[in-house]
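The residues making up each chain are set out below.
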Amino acid sequence: MKHPVVVGLQFGDEGKGKLTDFLARDAAWVIRFNGGSNAGHTLHVGGKKVVTHSVPSGVLYPKCRNFIGSGCVLEPLAFRKELQELSAAGISVHGRLWIDYRVHLTAPLHRAIEAIREAGSKKVGTTRKGIGPTYATKAFRTGIRMGDFVGSSWEEKLRDLFESFGALVQGLEMDEAQYDFNFDVLSKARSELSPFVSRDPAPFASVSENQKCVLEGAQAVMLDIDHGTYPFVTSSHTVGAYAPVGVPFPYRRVGASVGVAKAYLTRVGEGPFPSELPEDQADRIRMKGGEFGATTGRPRRVGWLNLDELRTAMLLGDCEHIFLTKSDILSGEKEVKVMWQGKLHVFPGWESVLRADGKLDSALESYLQFIEQKTNGTVIGLGTGPERESMFWRRPFSFWEN
Ligand code: IMP
């Protein structure tokens, strides 16, 4: 059996959680392969809004098991808070959530380092969750992995992390008080995390033969550390090709990468945005679409869909199928614009996504056909509103292949 990968095709916040949630209904496993608490998946279920960060989007289905793969990073206290929030929403994850023992830990130190960097003139506009520094210490080979964190030698690892940074970062107080602070903060979460840690080196080797899995990407192709708009990118790989590395997952069982794109474009943080709207127009769509960071609350920059970038993202992500979200937010716009070859093309707007007969509005249909023509992709479905059921399937698509 081959399993789908869900990736974002823009700058994150495309609504990947909606598609993953739809697939999770039939899946045995939802597996995250990159990123950490910088991600924010907002899910609307039964009038309730649930925001997940590190926890995979399969948690809302009691039968679905969830796995945080080795390519992710995790901040223990933020994770604990997330579990508490899920529990308050009546969702229990015990016995169906695992963290790979190779996942790297974000310590307060990582956040402190990022805060110093982001206060300077060369800021990236990160989520300030310490994600970049955590991947940096992973590559520096002084990071702390979850297996070590819940093991007996974790103090030694924390010392090592401190020593390696002391030599690197000027202006950061690396004294005993800092060490003690990090030690105390992390100690609080250790025992609680322990039962979640999986020590299986290849957990999906046989599971992937016949149990339906969904590989859930965080962030998006244009934020990929290699392929995105460097340096205004995140610090992990966001393309579907990373899924079998960041889990690990047998790569011959990885199926299609399905890309999620928003009908317009948003971006948080710094970086180029050629189709960005002037603030007065941006604000209207921002308010209507609730375009504020799920993780940081920052107002998102808003602009028109950029097909030059979307086409590139689909090539980079080896992705032919698009699930388009939030075209309902553009309902009522007199005209809708799309960037193609550096120019804005104007389309008549639509009053509502669906006509009275249940078919797609014809102006929206023309808009979709233009997207397909220029990207060589197929828009298989659309999100038509925030609720779980608000979806429209335009083309048949088999997510799991035998
Ligand atoms: P970092 O991932 O916190 O290092 O942030 C790097 C860049 O990626 C910044 O522009 C962030 O705003 C952006 N970013 C990271 N995660 C997300 C996300 O889930 N949605 C949207 N942007 C994100």
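Structure first, text after, so check above.
It should be emphasised that the depicted structure is a prediction, and the values quoted were computed from it without experimental measurement. Positions within a chain are numbered from 1, following the residues in the order the chain's sequence is written. For a predicted model such as this one, the threshold for reporting local features is a pLDDT of at least 70, and the threshold for listing and counting side-chain atom pairs is 80 or more; totals across whole chains, interfaces and linings nevertheless cover every residue. Side-chain calculation: all heavy atoms of the structure are included, whereas hydrogens and water are not.

Student: Please set out the sheet that holds strand E10 (residues 213–216) residue by residue, giving values where relevant.
Tutor: An order of E9-E7-E5-E2-E10-E1-E11-E15-E18-E19 is seen for the 10 strands of this open sheet, with the pairing classed as mixed. The open sheet has two edge strands, strand E9 (197–198) and strand E19 (391–393), and neither has a second partner. Strand direction decides the pairing type here: strand E1 (residues 3–8) and strand E11 (residues 254–262), joined by five bridges, are parallel. Its bridge partner being in E11, Val6 is matched across the sheet by Val258. Here helix H1 (residues 16–24) sits on the sheet and contacts E1, strand E2 (29–32), E10, E11, strand E15 (321–325), strand E18 (378–383) and E19; the angle it forms with E1, its principal contact strand, is near 165°. Pairing between two strands requires that DSSP report at least two bridges joining them. Secondary structure elements follow DSSP: runs of H or I no shorter than four residues count as helices, runs of E no shorter than two count as strands, and numbering proceeds from the N terminus. The criterion used for residue contact is that any of the two residues' heavy atoms lie within 4.5 Å. Axis geometry follows a simple rule: fit a line to the C-alpha atoms, using only the stretch in contact for helices, then measure angles between N-to-C directions, giving values from 0 to 180 degrees.

Student: Describe the sheet that holds strand E16 (residues 335–340), listing the residues and the values that go with them.
Tutor: The strand order E14-E16-E17 describes an open sheet built from three strands, whose pairing is mixed. Looking at the sheet topology across the chains shown, the edges are occupied by strand E14 (305–306) and strand E17 (343–348). As paired strands, E14 and E16 are joined by two bridges and run parallel to one another. Each bridged residue has a counterpart across the sheet, and for Asn306 the counterpart in E16 is Met339.

Student: Hey, could you go over the site of the ligand for me, with residue numbers and the actual values?
Tutor: For the ligand, the set of nearby residues contains 16 residues, the closest of which are Asp13, Asn38, Thr127, Thr234 and Arg298. Counted as a polar contact is a pair of N or O atoms within 3.5 Å, where, for protein atoms, one must be capable of donating a hydrogen and the other of accepting one, and residues adjacent in sequence contribute only when both atoms are in side chains. Gln219 is positioned such that a nitrogen or oxygen atom in its side chain is 3.2 Å from a nitrogen atom of the ligand. Protein chains bury 96% of the 470 Å² of accessible surface belonging to the ligand in isolation. Partitioned by chemical class, the residues of the shell around the ligand number five nonpolar, nine polar and two charged. Whether a residue is near a molecule or strand is decided by its heavy atoms; if any one of them lies within 4 Å of it, the residue is near. Note on areas: Shrake-Rupley with a 1.4 Å probe; residue coverage comes only from the protein chains shown. Residue classes follow a fixed rule: Ala, Val, Leu, Ile, Met, Phe, Trp, Tyr, Cys and Pro count as nonpolar, while Asp, Glu, Lys and Arg count as charged, and any other residue, Gly among them, counts as polar.

Student: Can you break down the pattern of salt bridges residue by residue, with the values?
Tutor: By salt bridge we mean one thing: a side-chain nitrogen of Lys or Arg within 4 Å of a carboxyl oxygen of Asp or Glu. Summed over all chains, the structure comprises 21 salt bridges. Arg388 serves as the salt-bridge partner of Asp21, at 2.8 Å between the closest nitrogen and oxygen. Here Asp21 is found in helix H1, whereas its partner Arg388 is found in the loop between E18 and E19, with 367 residues between them in sequence. Classification of residues uses two cut-offs on accessible area relative to the type maximum, computed with a 1.4 Å probe and protein chains only: under 20% is buried, over 50% is exposed, and between them is partly exposed. A relative accessible area of 5% means that Asp21 is categorised as buried.

Student: Give me the lowdown on the packing of aromatic side chains, citing residues and values where you can.
Tutor: Geometry of aromatic contacts follows a simple scheme: Phe, Tyr and Trp rings, the Trp one being its six-membered ring, pair when their centres are within 6.5 Å, and the pair is stacked under 30 degrees between planes, edge-to-face over 60, tilted otherwise. For the coordinates displayed, the defined rule picks out 17 aromatic pairs. For the pair Phe149 and Trp154, a centre-to-centre distance of 5.2 Å together with 85° between the ring planes defines the contact as edge-to-face. Summarising the burial analysis for this pair, Phe149 and Trp154 share the class buried. Between Phe204 and Phe249, the aromatic rings sit 5.8 Å apart at their centres with planes inclined by 35°, giving tilted as the arrangement. With Phe204 in the loop between E9 and helix H8 (207–210) and Phe249 in the loop between E10 and E11, the pair connects residues that are 45 residues apart, well separated along the chain. Aromatic ring contacts, followed pair by pair, group Phe22, Phe323, Trp393, Phe397 and Phe399 into a single cluster.

Student: Report on the pairing of E10, specifying residues and quantitative values.
Tutor: Of the two faces of E10, the one carrying Cys213 and Leu215 and the one carrying Val214 and Glu216 are both buried. With two bridges connecting them, E1 and E10 associate as parallel partners. Bridge pairing links Val5 to Leu215 in E10. As defined by bridge partners, E2 adjoins E10 across four bridges and the pair is classed as parallel. For Val30, the partnering residue across the bridge sits in E10 and is Val214.

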